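# Coordinate inspection notes
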Amino acid sequence: MALRIATRLPRLAIVGVVLLLASATLAVGAAKRMAAVPQGAPAPVTTPTVTVPDVTGQAFVFAKGTLEDAGLAWKVVGSVHGYAANKVAKQIPAAGTKLKDTGAPTITVTLERTSYPEQGEPEDVSPYFGTSVQPIGLKPATPAPAVAPKPAAAKPTAAPTKRAASRTPDFVVAGAPKEPSDEMPLTQRAKLLAGFIAAHPKSPANVRHFLYQHSWVVTGARFGWWHGAGALRALIAADQSAQQRWGIGRKSELVARAALADVEARSK
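Calculation rules
Residues numbered from 1 in each chain as written. Predicted model: local features only at pLDDT ≥ 70, side-chain atom pairs only at ≥ 80, totals over all residues. Heavy atoms only, no water. Helix = DSSP H or I, 4+ residues; strand = E, 2+ residues; numbered from the N terminus. Buried < 20%, exposed > 50% of the residue type's maximum accessible area, 1.4 Å probe, protein only. Contact = heavy atoms within 4.5 Å. Areas by Shrake-Rupley, 256 points an atom, 1.4 Å probe, with all protein chains shown as cover. Axes fitted to C-alpha atoms, helices over the stretch in contact; angles between N-to-C directions. Parallel < 35°, antiparallel > 145°, perpendicular 65-115°, else oblique. Left-handed = near helix turned anticlockwise from the far one by under 90°. Nonpolar A, V, L, I, M, F, W, Y, C, P; charged D, E, K, R; others polar. Pairing = 2+ DSSP bridges. Lys, Arg positive; Asp, Glu negative; His and termini not counted. Salt bridge = Lys/Arg side-chain N within 4 Å of Asp/Glu carboxyl O. Phe/Tyr/Trp six-rings, centres within 6.5 Å; stacked < 30°, edge-to-face > 60°. Lys NZ or Arg CZ within 6 Å of the ring centre and 35° of its normal. 1 Å grid on protein atoms, 1.4 Å probe; cavity = no way out; pocket = protein on both sides within 12 Å on 5 of 7 lines; lining within 4 Å. Points joined across faces, edges and corners; volume = space filled by probe spheres on them.

## Comments concerning the overall build of the protein chain
- In terms of regular secondary structure, the protein chain is built from seven helices and five strands.
- Beginning at the N terminus, the succession of helices and strands in the protein chain can be written as α-β-α-β-β-β-β-α-α-α-α-α.
- For the protein chain, buried positions account for 32% of its 268 residues.
- Counting contacts in the protein chain only where the partners sit at least 6 residues apart, residues at least 24 apart contribute 75% of the total.
- In the structure as shown, the protein chain presents an accessible area of about 16900 Å², 63% of it carried by carbon and sulfur atoms.

Okay, here's the thing in C-alpha cells:
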C-alpha cells in the first residue's frame with residue numbers, strides 16, 4: 001500500500017503543478033480583461049445656455065421683441081420708462097454674455113428719450129415672469145474696432161431691390177428710426193396677425209404675440225413707415241376679430257384708430 005502511494009506521488013505532484021499554473025494563468029487573464037473594460041463614468045451633463053443679444057441703440061419696441069425672441073425676459077430701470085419710441089442706452093448683462101438657461105433670464109435695460117413723443121402706455125417689465133441671471137464664465141474684453149482703410153477707388157453700389165426701393169416713407173418724423181428693410185411691410189404684418197387670430201385659440205402666449213405685433217404695426221405707422229394707414233386699417237379688422245374670438249381687443253382697436261387718424265393727418 002505504501003509502495004503504491006509512493007509510486008503515485010510524482011504523478012500527483014505534476015498534476016498539482018499543472019493545476020496551479022492553469023489557475024494562475026486564468027487569474028492573470030481575468031485581471032487583464034477587467035483592466036481592459038472601461039469604468040462606467042457618468043457622461044458630463046451639458047448645461048443649456050442662452051446668449052444675450054445686442055439691443056443697445058435700438059428703439060425699445062424692437063429691443064423687447066429681440067429679447068423675447070431669444071427667450072429672455074426684460075425690465076426697464078431708471079427715470080425713462082418703456083415707451084415704444086424710447087431708445088436703449090444700456091443693457092445688463094452685456095451683449096454676447098452666455099447665461100445659464102434658467103427659464104427666462106431677465107435682462108435689465110436703461111432707456112433714453114428721443115425726439116419722438118412718448119405715446120400710449122409704457123411697458124417696464126416683460127409680459128411674463130423673468131428668472132435669475134447666471135452668467136457662464138466671463139465675457140472676453142471686446143477689442144477696439146479696427147479702422148478700415150479707404151479703398152483706392154469707389155466701387156459701384158448695387159442697385160436697390162424692388163422691395164426696398166418701393167417702401168418710401170409716407171412722411172418723415174424727426175428722430176424716428178427708418179423702417180428695417182429686412183422686415184416684412186406693415187400691411188403684411190397686420191394681415192398675418194388677422195390670420196393668426198382666426199387660426200389660434202386664446203392663450204397667454206397667443207395674447208402676448210397679438211399685443212407685440214399690434215404694437216409693432218402701430219409704432220411703425222406713427223414713424224411714417226410705408227403704407228402705415230393701410231396697415232392700421234387691416235389692424236383694426238384684426239382687433240375686431242380678436243374681440244369676437246377671444247373677447248379682447250377693444251382697447252387695442254382704440255389705439256389703432258387714434259394712430260390711423262394721426263397718420264392720415266400727417267400723410268396729407
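What follows picks up the thread again.
## Topic: the packing of helix H4 (residues 186–199) against helix H5 (residues 204–222)
- Running from N to C, H4 and H5 cross one another at 160 degrees; their axes reach a closest spacing of 10 Å. For the element pair H4 / H5, the angle class is roughly antiparallel. The two elements H4 and H5 cross, and the hand of that crossing is left-handed. For the pair formed by H4 and H5, the contact residues are Leu186, Arg189, Ala190, Leu193, Phe196 and Ile197 on the first element and Asn206, His209, Phe210, Gln213, His214, Trp216, Val217, Gly220 and Ala221 on the second.
- A per-class count over the contact of H4 with H5 returns nine nonpolar, five polar and one charged.

## What to know about the sheet that holds strand E3 (residues 87–92)
- Pairing within the open sheet is mixed, and its three strands lie in the order E2-E5-E3. Since the sheet does not close on itself, it has two edges, and those belong to strand E2 (73–77) and E3, each with one partner. Averaged over neighbouring strand pairs, the angle between their axes works out to 35 degrees when direction is ignored.
- In terms of strand pairing, E3 meets strand E5 (residues 106–112) through five bridges, oriented antiparallel. Paired with Lys87 across the strands is Glu112, a residue of E5.
- Most of the contacts of helix H2 (residues 60–69) go to E2, to which it runs at about 145 degrees, and overall it touches E2, E3 and E5.

## Some details on the side chain of Asp239
- Structurally, Asp239 is set in helix H6 (residues 228–245).
- One buried charge, Asp239, has no salt-bridge partner; the nearest side chain with opposite charge is Arg257, at 7.4 Å.
- Apart from the residues within four sequence positions on either side, Asp239 is in contact with Phe210, His214, Ile248, Gly249, Ser252, Glu253 and Ala256.

## So, the packing of aromatic side chains
- For the coordinates displayed, the defined rule picks out seven aromatic pairs.
- Between Phe60 and Trp74, the ring centres sit 5.3 Å apart and the planes meet at 90 degrees, which makes this aromatic pair edge-to-face. Of this pair, Phe60 sits in helix H2 while Trp74 sits in strand E2; the two residues are 14 residues apart in sequence, bridging distant segments of the chain.
- Judged by its relative accessible area of 1%, Phe60 is buried.
- Taking the centre distance of 4.9 Å and the plane angle of 75 degrees together, the rings of Tyr116 and Phe223 count as edge-to-face. One end of the pair, Tyr116, is in the loop between E5 and helix H3 (162–166); the other, Phe223, is in the loop between H5 and H6, with 107 residues separating them in the sequence. The same class applies to Tyr116 and to Phe223, which are both buried.
- In this structure an aromatic cluster arises from ring pairing among Phe62, Tyr116, Tyr212, Trp216, Phe223 and Trp225.
- The ring of Trp216 has Arg189 lying over it, and the distance from NZ or CZ to the ring centre is 4.1 Å.

## Regarding the pattern of salt bridges
- Counted under the stated rule, the structure contains ten salt bridges.
- For the salt bridge of Arg113 with Glu118, the shortest nitrogen-to-oxygen distance reads 3.2 Å.
- Across the pair Arg189 and Glu183 runs a salt bridge whose closest N-O atoms are separated by 2.9 Å.
- Owing to a relative accessible area of 7%, Arg189 belongs among the buried residues under this scheme.

## Details of the side chain of Thr187
- With respect to the element layout, Thr187 can be found in helix H4.
- Beyond its immediate sequence surroundings of up to four residues, Thr187 is in contact with His227, Gly230 and Ala231.

## A closer look at the layout of surface pockets
- Its volume calculated, the largest pocket comes out at about 830 Å³.
- If you go around the largest pocket, you meet 30 residues; those closest to its centre are Gly120, Glu121, Glu123, Ser215 and Val255.
- Tallying contributions element by element places H5 first for the lining of the largest pocket, with nine residues.
- Classifying every residue of the lining of the largest pocket by side-chain character gives 14 nonpolar, eight polar and eight charged.
- Here the second largest pocket defines a volume of roughly 240 Å³.
- Contributing to the lining of the second largest pocket are 15 residues, with Arg167, Pro169, Lys178, Glu179 and Trp225 lying nearest its centre.
- Tallied by class, residues from the lining of the second largest pocket come to ten nonpolar, two polar and three charged.

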